Amino acid sequence: MEGAGSWDAIEWTKIEHVGGSVSHGMADFLLEEEQVVVEGYGVVLVNTDDAGTLLVTNFRLLFVSERSRNIIPLGTIPLATIEKFSKQAMKVQSTTRQFDKTPPRRLLQVIGKDMRIIGFGFRPRTKQRRAVLDALWRWTRPLRLWDLYAFQCGPSRFSNSNPKLRLLNEYCRLLGKGSCNVSSSALEDGSFSISNDWWRVSGVNSNYTMCSTYPFALIVPKCISDEDVRQASTFRARYRLPVISWCNPDTGAVLARSSQPLVGLMMNSRSNADEKLVAALCTQVSGQKGPRRKLCIADARPRKNALANGAMGGGSESSSNYFQSEVVFFGIDNIHAMRDSLARLREYLDTHGAQSSDGMSSFMRNGGWTWGGGNLSSMSASVSTLGDSGWLIHIQSVLAGSAWIAARVAKESSSVLVHCSDGWDRTTQLVSLASLLLDPYYRTFKGFQALVEKDWLAFGHPFSDRMGLPTISGNSSGPVELLRQSSAGSISTSPVRTSSTSATSHAQTSTNSSPIFLQWVDCISQLLRMYPCAFEFSSAFLVDFLDCLLSCRFGNFLCNSEKERHHSGISDSCGCIWIYLADLRSSEGCSHAHFNPFYDPVKYDSPLLPPAAALAPTIWPQFHLRWACPAEAQAGELETQCRAMSKKFTDIQKAKEMAEAKARDVISSMESLTVELMKEKKLSTSAMDLAKRACRESLAIKRAIQSLGCKVHFSATGDCALDVGSTPLEIKQKFVYPPANDFDDDARVEEKTDLSVSISLAEDSIVSSNPETRHCEPLCPYRTREGCKWPDAECAQFGSQFVGLKANFDAFDRLSIYDCYFGSE
């Protein structure tokens, strides 16, 4: 791209309506309950010369590139993040420093609260720009709180828990009591009782009747009654009396906050109840002797501003009226100075950035032959412009004041009371930042949430007013602020950048809007740069947190006080920003970009007390430069590389664990198989023993049968034949025995081989074929002196029963088998 000259390459007349295919594809980019109001086709994002489709939805401006069919982040901005928008007719300055004769470009300039300035170009002779402008006028500043996208989307899967209970839990932690167990009825009527030796949690403001901008529960000195608290509140602006925001449970030192005292023009008004309450902040630890600790009263305003407020009944404390006290003025400017300072910083970044709203980088200005639109001296001029914005000076003032407060509490055990005019802008900045320096818990994700909810939300920072949003009453701060006022010079431009022929700007910002919270988060980014190992969260987390807050997608930061959020039921009607961010982190675990890879909680478990010389703030690259200088915004490249290496290490660790688990499974399987093998070996040995015993019994039976005059023959046919001599009757019977070879140590027989036993009755050569002449063998146990009684002899009876067609095993069992049969052969 070559700055403004690249506009000549865009053929506006060839960018036609793409048709239904684009509308059909747009549905994939929409969020839950997000609805398209207006679609503009052939729109050009001037900053990058990308042509695409511009959609106005009920939540954001959505720009989709025609070439890549992807959302362009620079051209996509939530409606609540838009601070101003204006239509312009701009002529482009050519490289020859002469204006060409082409018609002016129809432009829409959008200025965001997140430091971006966007330029959109529309086709001539169409009404697309007018349609987009009308949609922006209607949806960027709704008259009713309920018209915001957060209510239309609902809690969805990011439902919120009770913020009152979370506040009480933080109070219990500060008092050293752990978590609290308070019923819902006790939360509503203030009947809870939480205290330690010095402080207690009071429910005197449970119905917000004493102070509408304070939380329902307050930490006050234990020696101060609720009636004293009510009386003391009347002496402070908006009834914001001194209460404890943070306390050290070991030393008893406290950080307290309030609004300015109502001392009047002559600075002589006093309140006994207020002085008694402030003095109670400095009581010594019970049971110890010695003087009371010192009290420091930190007035965030310049001294002249405090004196000027005396004309309206306000002012500042007199050290003579508050025992052993010291009053210090920090000189921090008011909300209007901060708003103007941020506007100048944004204009500086757009002028000298790489992607400016006019499509021309700082290197290409004035024909591309000089840097920054002039000569080399413009380099120093640009630095001077940054200094003139005053933003870094304001950041340094807040940092220095917070460091001073933290040092008084940590090093001197002093109690510090902080206030400004109303006690909800500069006071909140100082108290919360000093608490973050003192307490390591606030430098974690959970602690950061507790800190923001306690000091910013519960103690009534007016987010709706500061962000220019409608309140519960219906209007932001009055109907005048919603008028589309014409302010032709509201966006300052360099004379060498553009030539505006008719610039009409519509300002949507209210006179009470101010980047107070953004400034506080910027201060945390400076501390993160100074102490890169002291925070659990990274700079990327702070950027995403701010984006969510400015978008108003969630309900946590709507309205001006806890009372308004409670009465409107926001916690039940809208999603929770903390649940959403936690869900993002859970997707990748500790390797997510929100985690600080250098976090060392052991080393940084004590207060951070930066010296004055270290409090030199710089531009916050990840936030300030991400739109104007996207390449240079990656200042945390080392952090990114470290996170990538950490992710690789985590993946390798997981792979190692999986391999070790597999190895354990294999070892377990091997052990199981070994046990099974041992069992099989035992069974095999037992079977062997049984087989050997059966073999011996078979041999004994063989001898016993042979003793009866029978011959035993073994074969592999499976049949057992009994042959009884020359008797014509042959009777066969099958018997299956274990093979005799199995028990021979040297023999090997195949499995499942059946050996049959053939038993035949041997023919006696001495005995004739006639049974009557037959005589027994000498070994026959039934032989008598009279000779053989065959066939009437008992042995003949046995033989007939044994060799019959149906064997008589009982008779066989009665045969006399002697032990000698089982002897070794």
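Just so it is clear, the model here is predicted, and its values are computed rather than measured.

**What about the overall build of the protein?**
Now for step 1: Within the protein, the regular secondary structure consists of 23 helices and 23 strands.
Now for step 2: Every one of the 825 residues in the protein was classed for burial, and the buried ones make up 51%.
Now for step 3: Residue pairs at least 24 apart in sequence account for 69% of intrachain contacts in the protein once pairs closer than 6 positions are excluded.
Now for step 4: Carbon together with sulfur atoms contributes 54% to the accessible area of the protein, which is approximately 39300 Å² in total.

**Points about the packing of aromatic side chains**
Now for step 1: Applying the stated criterion across every chain yields a total of 34 aromatic pairs.
Now for step 2: Over the face of the ring belonging to Y580 we find R553, whose NZ or CZ atom lies 5.0 Å from the ring centre.

**Side note on unusual backbone geometry**
Now for step 1: Here the phi dihedral of M115 falls at roughly 80°; this positive angle occurs in a residue that is not glycine.
Now for step 2: By secondary structure assignment, the location of M115 is in the loop between β6 (105-112) and β7 (117-122).
Now for step 3: Residue classification places M115 among the buried residues on the basis of a relative accessible area of 3%.
Now for step 4: At C552, a position not held by glycine, the phi torsion is positive, near 60°.

**Quick word on the packing of helix α15 (residues 516-530) against helix α16 (residues 539-551)**
Now for step 1: The geometry of α15 relative to α16 is characterised by a closest axis approach of 10 Å and an angle of 175° between their N-to-C directions. In terms of axis orientation, α15 runs roughly antiparallel to α16. Touching F517, L518, V521, I524, S525 and L528 of α15 are S539, L542, F545, L546 and L549, all from α16.
Now for step 2: Residue composition of the contact of α15 with α16, grouped by class: 9 nonpolar, 2 polar and no charged.

**As for the environment of G52**
Now for step 1: For G52, the location among the structural elements is in strand β2 (residues 50-57).
Now for step 2: Spatially, the C-alpha atom of G52 lies 9.5 Å from that of N70, the residues being 18 residues apart in sequence.
Now for step 3: Once you skip the residues sitting within four places of it in the chain, G52 turns out to touch G40, Y41, G42, V43, F63, V64, S65 and E66.

**Comments concerning helix α13 (residues 445-458)**
Now for step 1: Look at α13: 18 Å from first C-alpha to last across 14 residues, which is about the 20 Å you get at 1.5 Å a residue.
Now for step 2: Most of α13 is tucked away: 13 of the 14 residues are buried.
Now for step 3: The N-cap of α13, judged by a side-chain oxygen 3.1 Å from the amide nitrogen of G447 a few residues on, is T444.
Now for step 4: At the exit of α13 stands G460, carrying a positive phi of roughly 75°.

**Examining helix α11 (residues 391-412)**
Now for step 1: The end-to-end C-alpha distance of α11, which contains 22 residues, comes to 31 Å, matching closely the 32 Å that a straight helix rising 1.5 Å per residue would cover.
Now for step 2: A positive phi of about 55° marks S413, the residue just after α11.

**A closer look at the UniProt feature "active site" (unreviewed entry) in the protein**
Now for step 1: The positions that UniProt labels "active site" (unreviewed entry) are, in the present scheme, C420.
Now for step 2: When near neighbours in sequence (up to four residues on either side) are disregarded, C420 contacts S258, S259, Q260, D299, A300, R301, D425, R426 and T427.

**A word on the packing of α11 against helix α12 (residues 426-438)**
Now for step 1: Contact geometry of α11 with α12 gives a least axis separation of 8 Å together with a crossing angle of 55°. If you check the angle between α11 and α12, you find them oblique. For α11 against α12, the interelement crossing comes out right-handed. Together, V398, L399, G401, S402, A403, I405, A406, V409 and A410 of α11 and Q429, L430, L433, A434, L437 and L438 of α12 make up the contact between the two elements.
Now for step 2: Looking at side-chain class alone, the contact of α11 with α12 contains 12 nonpolar, 3 polar and no charged residues.

**Here's the deal with the nonpolar core**
Now for step 1: Core analysis: the largest hydrophobic core is formed by 144 residues, its most contacted members being L168, F448, F517, W520, F535, F557 and L558.
Now for step 2: Setting aside its immediate chain neighbours within four residues, F535 contacts L436, R443, I524, L527, L528, N596, Y599 and L608.
Now for step 3: One finds I72, L79, W137 and W627 within the second-largest nonpolar core, a separate group that totals 24 residues.

**Focus on the side chain of E34**
Now for step 1: Turning to its location among the elements, E34 is positioned in the loop between α1 (20-26) and β1 (36-45).
Now for step 2: What makes E34 buried here is its relative accessible area of 6%.
Now for step 3: Within the structure, E34 has its side chain in polar contact with the backbone nitrogen of L31 (distance 2.7 Å).
Now for step 4: When sequence neighbours within four positions are dropped, the list of residues in contact with E34 reads F29, T57, N58, F59, R60 and Y149.

**Re the side chain of K454**
Now for step 1: Its place among the elements puts K454 in helix α13.
Now for step 2: Looking at K454, the relative accessible area reads 1%, which means it is buried.
Now for step 3: Ignoring anything within four residues of it in the chain, the contact list for K454 reads L167, E170, Y171, L174, S245, Y442 and F459.

**Points about the environment of N309**
Now for step 1: Topologically, N309 is positioned in helix α8 (residues 303-309).
Now for step 2: Residues N309 and G264, 45 residues apart in the sequence, show an inter-C-alpha distance of 8.3 Å.
Now for step 3: Excluding its chain neighbours within four sequence positions, the residues that come into contact with N309 are Q260, R301, G314, G315 and S421.

**Things to note about the pairing of strand β14 (residues 325-329)**
Now for step 1: The sheet contact formed by strand β13 (residues 295-299) and β14 spans 5 bridges and is parallel. If you follow D299 over to β14, its bridge partner there is F329.
Now for step 2: Crossover connection from β13 via α8 to parallel β14: handedness right-handed.

**Thoughts on the environment of L437**
Now for step 1: For L437, the position within the fold is in helix α12.
Now for step 2: Note on L437: relative accessible area 2%, which makes it buried.
Now for step 3: For L437 and A406, which are 31 residues apart along the polypeptide, the C-alpha to C-alpha distance reads 6.5 Å.
Now for step 4: Contact partners of L437, with chain neighbours within four places excluded, come to S402, A403, A406, R443, L527, P607, L608 and P610.

**Section: the pattern of salt bridges**
It is possible for side chains bearing opposite charge to pair when their charged atoms get close.
Now for step 1: In total, this model carries 28 salt bridges according to the counting rule given.
Now for step 2: In this structure, R626 and D114 form a salt bridge, with 4.0 Å as the shortest nitrogen-oxygen distance. Taken together, the residues span a long stretch of sequence, with R626 in the loop between α20 (621-624) and α21 (637-707) and D114 in the loop between β6 and β7 at a distance of 512 residues.
Now for step 3: Its relative accessible area of 15% is what places R626 among the buried residues.
Now for step 4: Between E326 and K294 there is a salt bridge whose closest N-O contact spans 2.9 Å. A residue pair is termed long-range when its members are at least 10 positions apart, and E326 in strand β14 and K294 in the loop between α7 (272-280) and β13 qualify at 32 residues.
Now for step 5: Judged by relative accessible area, which is 33%, K294 ranks as partly exposed.
Now for step 6: Linked by salt bridges that have partners in common, D114, R116, D547 and R626 make up one network.

Analysis parameters
Residues numbered from 1 in each chain as written. Predicted model: local features only at pLDDT ≥ 70, side-chain atom pairs only at ≥ 80, totals over all residues. Heavy atoms only, no water. Helix = DSSP H or I, 4+ residues; strand = E, 2+ residues; numbered from the N terminus. Buried < 20%, exposed > 50% of the residue type's maximum accessible area, 1.4 Å probe, protein only. Contact = heavy atoms within 4.5 Å. Areas by Shrake-Rupley, 256 points an atom, 1.4 Å probe, with all protein chains shown as cover. Phe/Tyr/Trp six-rings, centres within 6.5 Å; stacked < 30°, edge-to-face > 60°. Lys NZ or Arg CZ within 6 Å of the ring centre and 35° of its normal. Axes fitted to C-alpha atoms, helices over the stretch in contact; angles between N-to-C directions. Parallel < 35°, antiparallel > 145°, perpendicular 65-115°, else oblique. Nonpolar A, V, L, I, M, F, W, Y, C, P; charged D, E, K, R; others polar. Expected span 1.5 Å × (residues − 1). Polar contact = N/O pair within 3.5 Å; in protein donor to acceptor, adjacent residues only side chain to side chain. UniProt positions renumbered as here; feature names shortened; annotations may be inferred. Left-handed = near helix turned anticlockwise from the far one by under 90°. Core = buried A, V, L, I, M, F, W, Y, C linked by side-chain atoms within 4.5 Å. Pairing = 2+ DSSP bridges. Right-handed = clockwise from strand over helix to strand, strands pointing away. Salt bridge = Lys/Arg side-chain N within 4 Å of Asp/Glu carboxyl O.

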